[in-house]
Amino acid sequence: MEPGRRRRYLGRMPDSDNPLVLVLMGSASDWPVMEHASTTLDDFGVAHQCKALSAHRNPAKVSAVVGGARERGVQVVIAAAGAAAHLAGVCAAHTTLPVLGVPMTSALDGLDSLLSTVQMPGGVPVGTLAIGKAGAVNAALLAVEILALHDQSLHGRLVAYRAKWDERPEDPRRTAG
Ligand code: C2R
């Protein structure tokens, strides 16, 4: 991606000072899909930070950001990548926080991304979601569910979100209450 386009993407990414969820993606080109994860977290009022960092292109930064995430108060890491999607696995290698992997679509329709993300060796788990937008939304919802284990108010919002499915089933991302 050319630098100007990358700057435009990065400029719109949420960057909370005290994030509970860290959303990483292998490239700023993944942002149009991962924006749905961010918007879903916003819908639930969950502070989060989004960053485009590649395990291949920025290995030292990924190690530093993910390795220090728990100390900064992060509780869940979401990692999205396409094609040779090693980012989520590398994140999992650097932290004991739960890591949720979202395979991005690719020249091979995301099947390569899915297999790269899901096929972790035993001992270093990545919870892998669906390819693309559904996976982005569900990663955010799963992060909310994890946080809601110890947050009654957030749990109440999840219950309300589920209840709304009966009223307006057509838009999965906009129904968070
Ligand atoms: P570019 O558009 O920047 O060329 O990226 C990204 O997630 C993106 O979907 C193309 C695709 O390459 C992916 N990528 C990875 C990793 N870094 C970038 N799979 C990684 O570290 O796993």
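Residues numbered from 1 in each chain as written. Predicted model: local features only at pLDDT ≥ 70, side-chain atom pairs only at ≥ 80, totals over all residues.

## A closer look at the nonpolar core
Counting residues in each nonpolar core, the largest one holds 48 residues, and the members touching the most others are Val21, Val77, Ile78, Ala79 and Cys91. Elements supplying a minimum of two residues to this core: strand E1 (21-25), helix H2 (31-43), strand E2 (48-52), helix H3 (59-67), strand E3 (76-82), helix H4 (87-94), strand E4 (99-104) and helix H6 (133-148). Per element, the largest residue contribution to this core is 7 residues, and it comes from H6. In contact with Val21, not counting residues within four places along its chain, are Leu41, Val46, His48, Val74, Val76, Ile78 and Ala143. (Core = buried A, V, L, I, M, F, W, Y, C linked by C-beta atoms within 7 Å. Buried ≥ 20, exposed ≤ 12 C-beta atoms within 10 Å, placed from the backbone. Helix = DSSP H or I, 4+ residues; strand = E, 2+ residues; numbered from the N terminus. Contact = placed C-beta atoms within 7 Å.)

## Topic: the packing of H3 against H4
For the pair H3 and H4, the least separation of the axes is 9 Å and the interaxial angle reads 50 degrees. On the basis of the axis angle, H3 is oblique to H4. Viewed along their axes, H3 and H4 form a crossing whose handedness is right-handed. Together, Val62, Ser63, Val66 and Gly67 of H3 and Val90, Cys91 and His94 of H4 make up the contact between the two elements. Taken together, the residues of the contact of H3 with H4 break down into 4 nonpolar, 3 polar and no charged. (Axes fitted to C-alpha atoms, helices over the stretch in contact; angles between N-to-C directions. Parallel < 35°, antiparallel > 145°, perpendicular 65-115°, else oblique. Left-handed = near helix turned anticlockwise from the far one by under 90°. Nonpolar A, V, L, I, M, F, W, Y, C, P; charged D, E, K, R; others polar.)

## What about the environment of Thr39?
Within the fold, Thr39 resides in helix H2. Using a count of 16 C-beta atoms within 10 Å as the deciding quantity, one classes Thr39 as partly exposed. When the C-alpha atoms of Thr39 and Pro14 are compared, they prove to be 9.6 Å apart, with 25 residues separating the residues in sequence.

## A word on the sheet that holds E3
One open sheet holds the 5 strands; their spatial order is E2-E1-E3-E4-E5, and the pairing between them is parallel. In the strand order of this sheet, the two ends are held by E2 and strand E5 (127-128), each with one partner. Across 5 bridges, E1 lies against E2 in parallel orientation. Opposite Met25, over in E2, you have Ala52 as the bridge partner. (Pairing = 2+ DSSP bridges.)

## Let's talk about the site of the ligand
Neighbouring the ligand are 18 residues; Gly26, Ser27, Ser54, Ala55 and Gly82 lie closest to it. Here the shell around the ligand is built from residues that sort into 9 nonpolar, 7 polar and 2 charged. (Near = placed C-beta within 6 Å.)

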